[in-house]
Every structure is written in C-alpha cells, then in structure tokens.
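Observations on chain architecture
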Amino acid sequence: MDLSSGDISHLVFRRVTRDDPGSVSLTGPMLNLLVSVDGKTSLGALADRLGLPMARVRESLIPLHQRGLVEAVSQGPAVLGAGFFTVLRAQLAVAVGPIAGVIVEDAVADLGYDPARFPAHRAAELVDLLSREIPRDDKRAAFQKSMLKKLAEAS
C-alpha cells in the first residue's frame, strides 16, 4: 500500500499486536497516532482530534506501517449506496425539477467518479456542488438541510 501520495484521510488503521516488537524508537507524534488508531476512526478524523495536519499524520503513519505496528482496516474508501443517490435525486428534484438526475450525473462526473463507486467521504462536497445549482435560497437551504440529515444518518 502506497501511503506516500494521494488522499489517505479516509483510510482506517488499527494497531497490530506483535509477539516480538523488538526495539522500536517512536517520535511523539508517532506515539500519539499509534495510541489513537482504533480500527474505526479515519485518519482524517484522527488528524482533527489530534490537532495535526494530514501531512504530519502521513509522516507518522508511514514508519508505523513499515515497522508493522499498524495495518489498514479498509483499503479503499467507503462508497455511497444507491439509496443515497435515490434520496439525493429526489431532494434535488424538489428544488430544480425533473432535470435533477442529469445535474447529479454531471456533478458526479465533474468530481471524477462513477455513482456506483462514489466515495462516502466526498458526499458533503457533492451536496455543496449540487446546492449551487439551486437558484432560490429557500429551496437551497431545504435541500442542504435534508441532505445533511441523510449524511448524518449514514455515518
């Protein structure tokens, strides 16, 4: 797994229990990250919790991973299900009408994804992009509110 480039904020790691850990020297940020990985929380959330930029998290994670002290729980990002896109299209249709499906397809493509493999960690960005297509403030606010509620339910 190449951790040296790309977006790793969505990845989840857990500590590895080793029979013979040997002699390992850790920096303060490495130790904080090692203690914090729990197999459930994404690196982005850990960076926020620890108050570290993602670059520092990456610098700490790479040697931990190379020494076998942590391992990835999920290799790829979680993807949004078809149910999310059904609700997304329906809520957008309330605001802009029957063209909503085309707008959603275009926005997903503009972000460089296929709806069947759209990463969950980019859902808020998609909602924001789509909300810019809604000319009326009241309908835009209603769309954002309903989709934020859906995102909260999904997480």
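These lines cover the structure that appears in this document, whether it is placed above or below. Only a predicted model underlies this, so the values are computations on that prediction, with no experimental measurement involved.

Bringing the overall build of the protein chain into the picture now. Counting its secondary structure elements, the protein chain contains seven helices and two strands. Element order for the protein chain, N to C, with α for helix and β for strand: β-α-α-α-β-α-α-α-α. For 155 residues, the compact-globule estimate of 2.2 N^0.38 gives 15 Å, and the protein chain exceeds it by more than 25% at 19 Å. Overall, the C-alpha framework of the protein chain stretches about 65 × 25 × 25 Å when taken along its three principal axes. In the protein chain, which comprises 155 residues, the share counted as buried stands at 33%. Within the structure as shown, the protein chain displays about 8900 Å² of accessible surface, and the carbon and sulfur contribution to it stands at 52%.

Once that is clear, we can look at the side chain of serine 9. Relative to the elements of secondary structure, serine 9 occurs in the segment before β1 (12-15). Separated by 2.7 Å, the side chains of serine 9 and aspartate 7 make a polar contact. Excluding residues within four positions of it along the chain, serine 9 makes contact with Ser42, Leu43, Gly44 and Met54.

Its 13 residues place the ends of helix α3 (residues 54-66) 18 Å apart at the C-alpha level, agreeing with the 18 Å of an ideal helix rising 1.5 Å per residue. Taken as a whole, α3 has its buried residues at Val57, Arg58, Ser60, Leu61, Pro63 and Leu64. Directly after α3, the chain includes glycine 68, whose backbone phi takes a positive value near 75 degrees.

A few words now on the pattern of salt bridges. One pass over the structure, following the stated rule, counts seven salt bridges. With a closest N to O distance of 2.6 Å, glutamate 71 and arginine 14 form a salt bridge. In this pair, glutamate 71 sits in strand β2 (residues 70-74) while arginine 14 sits in strand β1, placing the two residues 57 residues apart along the sequence. Exposure remark for arginine 14: the relative accessible area of 39% places this residue in the partly exposed category.

All right, on to the packing of helix α5 (residues 100-110) against helix α6 (residues 123-131) then. The interhelical angle for the contact between α5 and α6, taken along N-to-C directions, is 125 degrees, at an axis separation of 10 Å. Of the possible angle classes, the one that applies to α5 and α6 is oblique. Regarding α5 and α6, the two cross each other, and that crossing is right-handed. Residues Ile103, Val104, Ala107 and Val108 of α5 form the contact with α6, whose participating residues are Leu126, Leu129 and Leu130. Residue composition of the contact of α5 with α6, by class: seven nonpolar, no polar and no charged.

Ala123, Leu126, Val127, Leu130 and Ser131 are the residues of α6 that are buried. Buried residues of α6, viewed axially, fall in a sector of 135 degrees; they line one side. Where α6 is buried, its residues meet α4 (82-96), α5 and α7 (137-154).

A separate point is the environment of leucine 126. Residue position: leucine 126 is located in helix α6. The exposure class assigned to leucine 126 is buried, which follows from its relative accessible area of 0%. C-alpha of leucine 126 to C-alpha of valine 108: the two residues are 18 residues apart in sequence and 7.2 Å apart in space. Contacts of leucine 126, omitting those with residues within four sequence positions, involve Phe85, Leu88, Ala107, Val108, Leu111 and Phe118.

To continue, consider the packing of aromatic side chains. This model, assessed by the stated rule, comprises three aromatic pairs. Seen in terms of ring centroids, phenylalanine 85 and phenylalanine 118 are 6.1 Å apart; in terms of plane orientation they differ by 85 degrees. Their pairing is edge-to-face. Highlighted residues: phenylalanine 85 in helix α4 and phenylalanine 118 in the loop between α5 and α6, separated in sequence by 33 residues. For the pair shown, phenylalanine 85 and phenylalanine 118 are each scored as buried.

Calculation criteria
Residues numbered from 1 in each chain as written. Predicted model: local features only at pLDDT ≥ 70, side-chain atom pairs only at ≥ 80, totals over all residues. Heavy atoms only, no water. Helix = DSSP H or I, 4+ residues; strand = E, 2+ residues; numbered from the N terminus. Rg over C-alpha atoms; globule rule 2.2 N^0.38 Å. Buried < 20%, exposed > 50% of the residue type's maximum accessible area, 1.4 Å probe, protein only. Areas by Shrake-Rupley, 256 points an atom, 1.4 Å probe, with all protein chains shown as cover. Polar contact = N/O pair within 3.5 Å; in protein donor to acceptor, adjacent residues only side chain to side chain. Contact = heavy atoms within 4.5 Å. Expected span 1.5 Å × (residues − 1). Salt bridge = Lys/Arg side-chain N within 4 Å of Asp/Glu carboxyl O. Axes fitted to C-alpha atoms, helices over the stretch in contact; angles between N-to-C directions. Parallel < 35°, antiparallel > 145°, perpendicular 65-115°, else oblique. Left-handed = near helix turned anticlockwise from the far one by under 90°. Nonpolar A, V, L, I, M, F, W, Y, C, P; charged D, E, K, R; others polar. Arc of directions from axis to C-beta. Phe/Tyr/Trp six-rings, centres within 6.5 Å; stacked < 30°, edge-to-face > 60°.

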